[in-house]
Amino acid sequence: MIKYGFVKLAYPKPETHDSLSALLRAADVFFSKPQQFKDQYTFGDYGNDKGGYTSIGVESVNPNSGKKDSVQNYVFRDDSVVDHHNPELAKPAVAYFREMARLTRCLNSLSSLALDLPLQKFNEVTFPSPPSDKNGLALRIAKYEPVEGIRYGEHTDYQMFTILYTGGEEGLQVQLPSGEFEDVTFEDGFVVNAGDFWAGITNGRWRSVTHRVKGGGARIAVPFFTGPRGSWRVTVGGEELTAGEWLARRLAKSNK
Ligand SMILES: [Fe+2]
């Protein structure tokens, strides 16, 4: 985290792998449906509390590029309130969400140890108490169209960790301390990168690594984002606000 801002995690548990395979199959079916069918699961702008579907031509993760990203996606923000979602997608999505929430607890505990803080410190930041608060987790299921050049522009992630299963596929590139972008290659496992939260609370000691996705054929990627729960208070540029408000601002910038 200090030198590169990301780590690789070895091959997941069999149950994680099974739930991911089921999710990828269901996602393939969903994204192949007619546009009108998919649009019924749009519940607001990308980043809204209910999650749901965002069509191609909306997102631009690097607004300075002047280009829209050739991606459509479906987001789950919660693993318990899913009645409004597409049922065929929700079932495997919830299973994978729960696997990732368990992994998040492990990563948060490891981070507490690494920073010499009480073991549950960052789990208190992420997971709500009382449960009516919003957790800081989101599962994004993204279908990329074939594209040449850069598929998804360079950016840092806004929150704590992004957990991405690569399955040996190339695409993700991270910026090294030298400024060069390098392919992240990994036979079968997760890439976990640190977001802006960690750079903020460690005064930059942990890097919020700039990364991008290079072009290639059509593919489905399922990054899982972890962050502070909605009511957690943060200070950004001298302004105090909740983590939920800050995330909404960052997401709004990439959906103009
Ligand atoms: Fe990212």
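As a reminder, the structure under discussion sits directly above these lines.
Source: prediction; values computed, not measured.

A. Representation of the environment of Lys134 within the structure. When you line up the elements, Lys134 lands in the loop between α4 (121–126) and β4 (137–144). The class for Lys134 is partly exposed, based on 18 C-beta atoms found within 10 Å. Considered as a pair, Lys134 and Trp232 are 98 residues apart in the sequence and their alpha carbons are 9.7 Å apart. In this structure, Lys134 is in contact with Asp49, Pro128, Arg229, Gly230 and Gly244, ignoring residues within four places of it in sequence.

B. Layout of the sheet that holds strand β8 (residues 181–183). Judged by pairing direction, the sheet is antiparallel, and its four strands sit side by side in the order β5-β10-β7-β8 without closing on themselves. Of all strands in the sheet, those with a lone pairing partner are β5 (147–155) and β8, marking the two edges. Between one strand axis and the next, the sheet turns through 25° on average, direction left out of account. Relative to strand β10 (residues 211–216), β5 is paired through four bridges, and the arrangement is antiparallel. Of the residues in β10, the one forming a bridge with Val147 is Gly216.

C. Region of the structure containing helix α3 (residues 87–114). Compared with an ideal rise of 1.5 Å per residue, which puts 28 residues at 40 Å, α3 spans 40 Å between its outermost C-alpha atoms and is within 8% of the ideal. Of the positions making up α3, those classed as buried are Leu89, Pro92, Ala93, Tyr96, Phe97, Glu99, Met100, Leu103, Thr104, Leu107, Asn108 and Ser111. Of the residues one or two after α3, Asp116 is the one with positive phi, at around 60°.

Criteria and cut-off values
Residues numbered from 1 in each chain as written. Predicted model: local features only at pLDDT ≥ 70, side-chain atom pairs only at ≥ 80, totals over all residues. Helix = DSSP H or I, 4+ residues; strand = E, 2+ residues; numbered from the N terminus. Buried ≥ 20, exposed ≤ 12 C-beta atoms within 10 Å, placed from the backbone. Contact = placed C-beta atoms within 7 Å. Pairing = 2+ DSSP bridges. Axes fitted to C-alpha atoms, helices over the stretch in contact; angles between N-to-C directions. Expected span 1.5 Å × (residues − 1).

In short, geometric facts, not functional conclusions.
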